[in-house]
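# Reading the structure
Here's the letter readout for the chains.
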Amino acid sequence: RLLSVRPADLAADGLFRRVHIGDRPAYLSAISAALHEGGSRVEYRLRCGDDQDTDGWIWVESHMRCLADETGTDAVVTVTRDISERKQHEAELEHLRAESEAANLAKTRFLANMSHELRTPLNAVIGFASMIRGEMVGPRGTPRDAEYAGLILNSGEHRLALMNDA
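Criteria and cut-off values
Residues numbered from 1 in each chain as written. Predicted model: local features only at pLDDT ≥ 70, side-chain atom pairs only at ≥ 80, totals over all residues. Heavy atoms only, no water. Pairing = 2+ DSSP bridges. Helix = DSSP H or I, 4+ residues; strand = E, 2+ residues; numbered from the N terminus. Axes fitted to C-alpha atoms, helices over the stretch in contact; angles between N-to-C directions. Contact = heavy atoms within 4.5 Å. Salt bridge = Lys/Arg side-chain N within 4 Å of Asp/Glu carboxyl O. Buried < 20%, exposed > 50% of the residue type's maximum accessible area, 1.4 Å probe, protein only.

### Things to note about the sheet that holds strand β1 (residues 39-47)
- Spatial strand order, β1-β2-β3: three strands in an open sheet with antiparallel pairing. Strands with a single pairing partner mark the edges of an open sheet, and in this sheet they are β1 and β3 (74-82). Neighbouring strand axes in the sheet, compared pairwise and without regard to direction, differ in orientation by 30° on average.
- Inspection of the sheet shows β1 paired to strand β2 (residues 57-68) by nine bridges, in the antiparallel sense. Across the sheet, the residue bridging to Val42 is Ser62, located in β2.
- The sheet contacts of helix α2 (residues 24-37) involve β1, β2 and β3, and relative to β1 the element is tilted by about 155°.
- With respect to the sheet, helix α3 (residues 84-133) is in contact with β1, β2 and β3, its orientation differing from that of β2 by roughly 125°.

Written as structure tokens, this is what we have:
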């Protein structure tokens, strides 16, 4: 019922041919582990419907156990369930995580650029205010010029300290 085929279609290698080619190594490894270790679990894709249908893939999870019959022949018993919905949710979460990381990276780059764009002129303001206050560019016009240059210098240094702490 899960694959929409008759049980006879799954005999011999019928089921194996329905396993997605990319998942066949994991599927065969799980069978081997069940035979040699007693049990295993594997997730893989199966094709539903007729052999011509290539769009009808579902995700399944199989729990496999090794059973020996009266003749001593080992067999693998499998309980398989459809996990397509869970896989779809996992894919959506992965997509949202990737989008979130991209947005976070964009924010980080923006902040780094803004920090650089603010620091460059701020360092110039601090430097020129320091030069004016120390009369390195010539004498000041009024005594208040030193006070104003000091206020500019203190404000610039305070802003720079805030940016450095952020």
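Back to the write-up after that little detour.
### Some details on the pattern of salt bridges
- Scanning the entire structure with this criterion turns up 13 salt bridges.
- Its salt-bridge partner being Arg41, residue Glu43 comes within 2.5 Å of it at the nearest N-O pair.
- Through salt bridges with shared partners, a single ionic network connects Arg41, Glu43, Glu61, Arg81, Arg86, Lys87 and Glu90.

### A short note on unusual backbone geometry
- We note that Ser4 has phi near 60°; this positive angle belongs to a residue other than glycine.
- With respect to the element layout, Ser4 can be found in the segment before α1 (14-18).
- Accessibility expressed as a relative area gives 57% for Ser4, which makes it exposed.
- Phi at Ala12 is positive, roughly 55°, even though this residue is not glycine.

Geometric descriptors of this kind do not, in isolation, establish any biological role.
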